[in-house]
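Fold and geometry: a report
Each chain is listed here by its residues.
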Amino acid sequence: MSTYIPCPIDTEDIEIPEDLKRLVEEMAKNVHEVWAQTRIEQGWTYGAERNDELKQHPCLVPYEDLSEEEKEYDRNTSVETLKLILKLGFKISR
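Everything quoted here is computed from the prediction, not taken from an experiment.

Moving on, we come to the environment of Val61. Structurally, the position occupied by Val61 is in the loop between strand 2 (56–57) and helix 2 (68–87). Residue classification places Val61 among the partly exposed positions, given a relative accessible area of 22%. Between the C-alpha atoms of Val61 and Glu33, which are 28 residues apart in sequence, the distance is 9.2 Å.

This is the structure we're talking about:
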C-alpha cells in the first residue's frame, strides 16, 4: 500500500466576500450538527474524554458549548468549502 498524500485544490487565491462571512458560522454549526447526529446514530454518547471502545466523545455537545479550538475546526471546513465553490466558478446568492 502506498502512502496517501492529500492534495486539496489550492484556494489561497480566493477571498470570501463580506456578504458570505455570516454564512461561515452558520455552516460551521451545521457541520457540527451533522457530525454529531451521525455519531449518535452510530451509538456514540457524550463522555468527558474520547473513548473509541465505549463510543464516548467530549464534542457531543451543542455547537455553542464547544471550545474555540473545536469551533475553529468546523469554521475551517466551512471556509474551505465556500472557497472551493467560488474557485470552481459557482455563484452563491440569496
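Orientation of helix 1 (residues 21–41) relative to helix 2, taken along the N-to-C sense of each, is 120°, at an axis distance of 8 Å. Comparing their axes, helix 2 and helix 1 come out oblique. Remark: the crossing between helix 1 and helix 2 carries right-handed chirality. For the pair formed by helix 1 and helix 2, the contact residues are Leu23, Val24, Glu25, Met27, Ala28, Val31 and His32 on the first element and Asp74, Arg75, Thr77, Ser78, Val79, Thr81 and Leu82 on the second. Considered class by class, the residues forming the contact of helix 1 with helix 2 number 7 nonpolar, 4 polar and 3 charged.

Scoring rules and cut-offs
- Residues numbered from 1 in each chain as written.
- Predicted model: local features only at pLDDT ≥ 70, side-chain atom pairs only at ≥ 80, totals over all residues.
- Heavy atoms only, no water.
- Helix = DSSP H or I, 4+ residues; strand = E, 2+ residues; numbered from the N terminus.
- Buried < 20%, exposed > 50% of the residue type's maximum accessible area, 1.4 Å probe, protein only.
- Axes fitted to C-alpha atoms, helices over the stretch in contact; angles between N-to-C directions.
- Parallel < 35°, antiparallel > 145°, perpendicular 65-115°, else oblique.
- Left-handed = near helix turned anticlockwise from the far one by under 90°.
- Contact = heavy atoms within 4.5 Å.
- Nonpolar A, V, L, I, M, F, W, Y, C, P; charged D, E, K, R; others polar.

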